Amino acid sequence: MVKYILLAIMLCLSMLGLAEFLHGLKIRLTAPSKRAATYLLVFLSEDNAERQIMSVAEQRLWLGGDYCDRIIAVNTGLSDESDRACRYIAEKYGIYYCTPDELNAEIGNCLPVLNQNN
């Protein structure tokens, strides 16, 4: 019985790995050679802000540049304790941490094309 359970688990994991491999292959074949810069914008909510920012940081560690080029975390009115924890995590993992007021300036820095048109 245990043998069949382990076999089923191994089969599921191997199917997930195969699906991920095929997805990566499809992206490599269909994507153009020049890659656009990608940004991830995360609005942190009070109930689980630390978990949100750690989740995106870990995804970036695992997937590297394929996940995104830069992460921007926005404090949407967190408590002082959550704010300190999120700032620490952001500094540790190279995430830009800002308030909604600072977000406009950061978007201008990320998108220099907007500045050329003005």
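Thresholds, definitions, all that
Numbers given for residues are sequential positions, taken from 1 along each chain in its written order. For a predicted model such as this one, the threshold for reporting local features is a pLDDT of at least 70, and the threshold for listing and counting side-chain atom pairs is 80 or more; totals across whole chains, interfaces and linings nevertheless cover every residue. Excluding hydrogens and water, the side-chain values take into account all heavy atoms of the structure. What counts as a helix is a DSSP run of H or I of at least four residues, what counts as a strand is a run of E of at least two, and both are numbered from the N terminus. For the exposure calls, accessible area comes from a 1.4 Å probe over protein chains only, and a residue counts as buried if that area is under 20% of its type's maximum, exposed if over 50%, partly exposed in between. The criterion used for residue contact is that any of the two residues' heavy atoms lie within 4.5 Å. Here a polar contact is recorded for every N or O atom pair within 3.5 Å, except that within protein the pair must consist of a potential hydrogen donor and a potential acceptor, and residues adjacent in sequence are included only if both atoms are side-chain atoms. The convention used is that axes are lines fitted to C-alpha atoms, helices contributing only their stretch in contact, and that angles between N-to-C directions extend from 0 to 180 degrees. Here is the rule for angles: anything less than 35 degrees is roughly parallel, anything more than 145 is roughly antiparallel, 65 through 115 is roughly perpendicular, and the remaining ranges are oblique. Throughout this entry, Asp, Glu, Lys and Arg are counted as charged residues, while Ala, Val, Leu, Ile, Met, Phe, Trp, Tyr, Cys and Pro are counted as nonpolar. The remaining residues, Gly among them, count as polar. Given the number of residues in a helix, its expected span is that number minus one, multiplied by 1.5 Å. Taken from the helix axis, the directions to the C-beta atoms give the arc we talk about.

A.B. asks: Explain the overall build of the chain to me, using residue names and the numbers behind them.
C.D. replies: Helices and strands together make up the secondary structure of the chain, namely five helices and three strands. For the chain, the sequential pattern of α-helices and β-strands runs α-β-α-β-α-β-α-α. Among the 118 residues that make up the chain, the fraction classed as buried is 21%. Put simply, 73% of the contacts in the chain that link residues at least 6 apart link residues at least 24 apart.

A.B. asks: Account for the side chain of Asn-75, naming residues and giving values.
C.D. replies: Within the fold, Asn-75 resides in strand S2 (residues 70–75). Within the local environment of Asn-75, its side chain forms a polar contact with the side chain of Tyr-97, the two groups lying 3.3 Å apart. What Asn-75 contacts, discounting residues up to four positions off in sequence, is Asp-83, Tyr-97, Cys-98, Thr-99 and Pro-100.

A.B. asks: Outline the packing of helix H2 (residues 49–63) against helix H3 (residues 80–93), listing residues and values.
C.D. replies: Two elements in contact, H2 and H3, have axes separated by 9 Å at closest approach and are oriented at 10°. Taken together, the axes of H2 and H3 are roughly parallel relative to one another. Contact residues: H2 offers Ala-49, Glu-50, Ile-53, Met-54, Ala-57 and Leu-61, while H3 offers Glu-81, Ser-82, Ala-85, Cys-86, Ile-89, Ala-90 and Tyr-93. Considered class by class, the residues forming the contact of H2 with H3 number ten nonpolar, one polar and two charged.

A.B. asks: Describe the environment of Tyr-67, with residues and values.
C.D. replies: With respect to the secondary-structure elements, Tyr-67 resides in the loop between H2 and S2. On a C-alpha basis, the gap between Tyr-67 and Thr-38 in space is 8.2 Å, while along the polypeptide they are 29 residues apart. In contact with Tyr-67, other than residues within four places in its own chain, are Thr-38, Leu-40, Val-56, Gln-59 and Arg-60.

A.B. asks: Account for H2, naming residues and giving values.
C.D. replies: In a regular helix each residue adds 1.5 Å, so 15 residues correspond to 21 Å; H2 covers 21 Å between its end C-alpha atoms and thus fits that length. Those residues of H2 that sit buried are Ala-49, Ile-53, Val-56 and Ala-57. Buried positions in H2, seen along its axis, are confined to an arc of 100° and lie on one side of it. Away from its buried face by more than 90 degrees, H2 exposes Arg-51 and Trp-62. Structurally, H2 contributes buried residues whose contacts are with strand S1 (39–44), S2, H3 and strand S3 (96–98). Once H2 finishes, Gly-64 follows within two positions and takes phi at roughly 65°, a positive value.

These values are about where atoms sit, not about what they do.
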